[in-house]
Amino acid sequence: MSTVNVTFADGTVNSYASGVSCGDVIVDIHGSKHSCIAARLNGVDVDLSRPIQSDASIEGIDVSSTDGLHILRHSAAHLLAQAVMALYPGALPTIGPAIDRGFYYDFAMDPISENDLKTIEKKMIELARKNLAVSRVEMSEAELKNEFSYNPYKIEIIEDKLEAGGGSTMYQQGDWGDLCLGPHVPSTVKLQHVRLTSVSSAYWRGNQDNEQLVRIYGIVEPTKEALQHTLHQMEEAKKRDHRKLGKDLQLFHIDEEVGQGLILWTPRGSIVRQELQEFIRYHLTRQGYHQVFTPHIGKLDLYRTSGHFPYYQESQYPPLVERDLMKKLSEDGCTCGELSNLMQTGDIDGYMLKPMNCPHHIKIYASQPRSYRDLPLRLAEFGTVYRWEQSGEISGMTRVRGFTQDDAHLFVTEDQLADEVLGCIELVQIIFEHLDMKDYRVRVGLRDPDSNKYVGESSKWDKAEQACRNAAQKLGVAWTEEPGEAAFYGPKIDFVVKDVIGREWQLGTVQVDYNLPERFELKYKGSDGEMHRPVMIHRAPFGSMERFCGVLIEHFAGKFPTWLTPTQCHIITISEKHKAYAHEVAEELRKHDVRVNVDDGDDTIGKKIRVHRALQPAYMVILGDGEMEDRSVSLRARNGDQISGLPLDEFIVSLTSEIEQKIPQPSLVPNQER
RNA sequence: GCCACUGUGGCUUAGCUGGUAGAGCAUCUGAUUCGUAAUCAGAAGGUCGGGGGUUCGAAUCCCCCCAGUGGCUCCA
């Protein structure tokens with residue numbers, strides 16, 4: 001009998017009979033109670049049942065490792081398909097991958113509702129408990145086609161993915177087999193801790209023109225405890241949702257009658273926004289930006305020149321047409337379609353809500369002759385723009401139809417480009433640091449080498465792309481190059497922040513643009529006496545105030561740092577006797593620009609604390625006999641910790657300094673945790 | 001825009017298979033003046049998202065709109 005030498009991760013080499021399974025070898029390494037669900041054989045992930053025929057290296061893939069969870073989730077998707085097939089005989093499974101938080105599977109079937117998930121989940125658990133072995137079957141293309149002849153989707157995948165003549169594998173568990181490369185768990189029993197979370201729809205192969213499929217989402221964990229933990233985390237995440245907190249903390253309101261995706265900033269929310277704007281304005285001034293203001297609308301011709309109209313027509317609010325023209329058109333019986341045609345051809349004019357600020361800023365640049373001595377010219381504005389997002393896409397503050405960008409446009413020479421890009425990036429970093437935002441990544445969007453949709457000379461692109469890379473490099477955080485992610489007019493750097501639910505939001509962006517200077521024929525006189533074309537940089541470190549505040553609410557779970565807290569101190573009296581002192585303290589704090597709320601009502605102290613806690617002030621200031629006597633205050637922090645007898649003067653000094661320095665969380669009461 | 005689900009006073013919510021709305025918190029009015037997560041009593045507040053239909057009768061059934069949620073598609 002021949003033998004094989006197997007090398008373990010720690011370098012040990014052991015001999016086994018040829019054909020020994022990976023699973024047996026892993027039992028040898030880790031003992032029979034190991035928690036591996038697959039193996040890595042010569043660097044390739046395989047099933048535990050895979051036999052070893054020649055010398056190899058091996059390591060176990062633990063179920064709770066990233067790769068292990070991925071396999072577990074993928075296997076759970078198969079189990080889901082098996083359950084659905086058992087319950088809905090007419091259903092056709094299509095694809096079912098593992099995703100970040102779980103798995104899904106798409107089926108061509110009649111729509112089902114969330115109520116049906118319980119039934120399917122029960123079936124899954126029932127099948128899991130049957131301890132069905134999951135086996136890998138190698139098949140030729142002809143065999144696969146025969147096996148899946150009932151399912152045109154699988155046939156399409158076979159024809160698409162398989163090399164002509166090459167076979168693939170099927171994974172069989174009980175009476176259900178699925179086209180798949182694997183690897184998978186050895187038995188369905190590993191998949192008992194599963195929960196189906198939602199049902200929705202998706203298009204076949206992600207294409208809107210294709211038929212809609214029923215997509216079922218689920219999560220799976222190796223143990224009951226892990227599943228409970230994950231479910232608990234999902235609950236916690238929901239509590240942080242900015243849409244819920246926005247209501248609880250009275251930060252913003254969206255009104256049906258005002259319109260979808262249009263944010264009404266309430267007084268408390270406006271404070272957060274205002275503070276952020278002041279903060280950024282301060283840094284902009286220091287970096288040599290000029291503040292400008294521009295109107296919310298502009299003529300259609302402006303956007304014809306910029307290229308935003310009619311190219312982006314679907315994602316804009318319809319144009320505003322002058323009254324007389326509107327009347328005439330309606331009298332002539334002009335249809336909407338005809339109207340739209342007339343606008344496109346430029347036969348009639350009107351105004352548009354601005355979808356972006358650049359054309360307006362460009363016109364400020366072009367309003368006077370520029371020389372190289374004027375550059376870089378940096379124009380900044382908190383500019384409100386309007387975009388017609390699809391109704392199904394609108395959500396809270398993070399996806400809206402009207403929003404204010406912390407926008408700026410830099411007009412620079414080729415030579416200044418690299419430095420200016422870097423300057424923009426540094427600003428973003430200052431902001432993120434002050435807000436204690438660490439969970440973000442940087443994406444450098446480059447040209448797709450195979451596409452010719454880009455404008456501008458390739459030598460300039462090379463230079464600009466290099467400038468973006470260099471800038472990202474200097475940041476010292478994780479960054480990736482993403483070919484094909486560039487705008488058609490230039491490369492860009494995006495800041496992508498992760499929210500508590502794990503969704504990623506693009507916030508800040510820095511984009512290099514060769515296109516608009518060309519379209520608007522911008523010029524400056526160089527030191528050589530010749531006219532040159534400037535390069536533009538678009539940048540918005542927060543992205544939009546709406547989205548940024550939305551993400552920020554979740555980031556802080558509504559517990560803002562003191563400088564951003566809408567009402568920083570809530571003063572609470574113990575009884576009527578302390579009313580006068582309470583107002584005196586409030587006055588004193590207001591003199592130092594502290595935002596104060598006084599509750600001198602006749603509720604009990606316990607009740608008041610309960611009520612005020614909901615609004616998450618940085619501090620509750622409790623005032624009673626003791627405090628009144630020695631002109632002190634007692635503080636209660638958000639977590640319930642408290643200190644008493646702090647002299648009023650001392651309190652004011654510490655508090656104002658905490659605000660001034662923008663300390664990322666309240667710090668006046670010891671041992672606080674956020 | 002597409003699919004599924006949801007929509008009851010400011011907020012949270014009860015209301016089974018149709019008989020014409022109940023509660024808690026908040027609000028207001030009294031009483032209470034109280035040391036760190038709900039003091040007591042009373043009052044006011046809803047044409048049940050909007051419109052149409054079926055029915056003797058609709059918050060409950062049907063249709064159309066509007067809005068929200070989860071996804072898909074999209075995101076200059």
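Described below are features of the structure shown in this document. (Residues numbered from 1 in each chain as written. Chains lettered and ligands numbered in written order. Predicted model: local features only at pLDDT ≥ 70, side-chain atom pairs only at ≥ 80, totals over all residues. Heavy atoms only, no water.)

Structural notes on the side chain of Arg401
(1) Moving on: Of note, Arg401 is situated in the loop between strand E21 (377-386) and strand E22 (402-412).
(2) Moving on: Buried charge without a partner: Arg401 forms no salt bridge, and the closest opposite charge is Glu389, 7.2 Å away.
(3) Moving on: At a separation of 2.8 Å, a polar atom in the side chain of Arg401 contacts the main-chain carbonyl oxygen of Glu389.
(4) Moving on: The contacts of Arg401, once residues within four sequence positions are left out, are Gln260, Gly261, Leu262, Tyr317, Val385, Tyr386, Arg387, Trp388, Glu389, Gln390, Ser391 and Ile394. (Helix = DSSP H or I, 4+ residues; strand = E, 2+ residues; numbered from the N terminus. Buried < 20%, exposed > 50% of the residue type's maximum accessible area, 1.4 Å probe, protein only. Lys, Arg positive; Asp, Glu negative; His and termini not counted. Salt bridge = Lys/Arg side-chain N within 4 Å of Asp/Glu carboxyl O. Polar contact = N/O pair within 3.5 Å; in protein donor to acceptor, adjacent residues only side chain to side chain. Contact = heavy atoms within 4.5 Å.)

Brief notes about the environment of Ser200
(1) Moving on: Relative to the helices and strands, Ser200 resides in strand E13 (residues 194-203).
(2) Moving on: A residue is classified by how much of its surface remains accessible, and Ser200, at 31% relative accessible area, is partly exposed.
(3) Moving on: Each C-alpha atom, one on Ser200 and one on Leu668, is 48 Å from the other, the two residues being 468 residues apart in sequence.
(4) Moving on: The residues touching Ser200, leaving out its near neighbours within four places in the chain, are Leu213, Val214, Arg215 and Tyr217.

Details of the protein's contact with RNA strand B
(1) Moving on: Around RNA strand B sit 52 residues, and of these Gln208, Ser391, Glu393, Asp602 and Arg613 come closest.
(2) Moving on: A distance of 2.6 Å is found between a phosphate oxygen of RNA strand B and a side-chain nitrogen or oxygen belonging to Gln260.
(3) Moving on: Between RNA strand B and Gln642, the relevant distance is 3.2 Å, taken from a sugar or linking oxygen to a side-chain nitrogen or oxygen of the residue.
(4) Moving on: A per-class count over the surface near RNA strand B returns 15 nonpolar, 21 polar and 16 charged. (Near = heavy atom within 4 Å. Nonpolar A, V, L, I, M, F, W, Y, C, P; charged D, E, K, R; others polar.)

Description of the packing of aromatic side chains
The relation between two aromatic rings is expressed through the spacing of the ring centres and the mutual angle of the planes.
(1) Moving on: The full count for this structure, using the stated rule, is 13 aromatic pairs.
(2) Moving on: Ring centres 5.9 Å apart and planes at 90° place the aromatic pair Phe432 and Phe495 in the edge-to-face group. Taken together, the residues Phe432 in helix H13 (residues 417-434) and Phe495 in strand E25 (residues 492-498) connect sequence positions 63 residues apart. Note on accessibility: Phe432 and Phe495 belong to one class, buried.
(3) Moving on: Of the aromatic side chains, those joined through ring pairs into one cluster are Tyr317, Tyr386 and Trp388. (Phe/Tyr/Trp six-rings, centres within 6.5 Å; stacked < 30°, edge-to-face > 60°.)

Examining the sheet that holds E13
(1) Moving on: The antiparallel open sheet is built from four strands, whose spatial order is E8-E9-E14-E13. What marks the edges here is a single partner per strand, and that holds for strand E8 (92-93) and E13.
(2) Moving on: Sheet topology places strand E9 (residues 103-108) next to strand E14 (residues 212-220); five bridges connect them, and they run antiparallel. Paired with Tyr104 across the strands is Tyr217, a residue of E14.
(3) Moving on: Packed on one face of the sheet, helix H3 (residues 115-129) meets E9, E13 and E14 and runs near 125° to E13. (Pairing = 2+ DSSP bridges. Axes fitted to C-alpha atoms, helices over the stretch in contact; angles between N-to-C directions.)

Focus: the nonpolar core
(1) Moving on: Ranked by size, the top nonpolar core spans 86 residues in total, and within it Leu276, Phe432, Leu435, Phe548, Leu589 and Phe651 carry the most contacts.
(2) Moving on: Considering each element in turn, this core owes the most residues, nine residues, to H13.
(3) Moving on: In this structure, Leu435 is in contact with Leu276, Phe548, Leu552, His555, Phe556, Trp563 and Leu564, ignoring residues within four places of it in sequence.
(4) Moving on: Ranked by size, the runner-up nonpolar core spans 40 residues in total, among them Ala38, Val63, Ala76 and Ala91. (Core = buried A, V, L, I, M, F, W, Y, C linked by side-chain atoms within 4.5 Å.)

So, helix H20 (residues 648-660)
(1) Moving on: Along its 13 residues, H20 runs 18 Å from first to last C-alpha, staying within 8% of the 18 Å computed at 1.5 Å per residue.
(2) Moving on: Restricting attention to buried positions, one finds in H20 the residues Leu648, Phe651, Ile652, Leu655, Glu658 and Ile659. For H20, the buried positions fall inside an angular range of 135° around the axis, keeping them on one side. Those residues of H20 that are exposed and aimed more than 90 degrees away from the buried face are Asp649, Val653 and Glu660.
(3) Moving on: Looking at the buried residues of H20, the elements they touch are strand E30 (569-573), helix H17 (579-591), strand E32 (619-623), strand E33 (632-636) and strand E34 (642-647). (Expected span 1.5 Å × (residues − 1). Arc of directions from axis to C-beta.)

Quick notes on unusual backbone geometry
(1) Moving on: Cis peptide bonds are those with omega within 30 degrees of zero, and the linkage from Leu375 to Pro376 qualifies with -5°.
(2) Moving on: In this structure, Arg205 takes a positive phi of about 60° despite not being glycine.
(3) Moving on: Tracing the backbone shows Arg205 in the loop between E13 and E14.
(4) Moving on: Arg205 gets classed as partly exposed once you look at its relative accessible area, which sits at 39%.
(5) Moving on: The backbone of Lys662 sits at a positive phi, close to 55°, despite the residue not being glycine.

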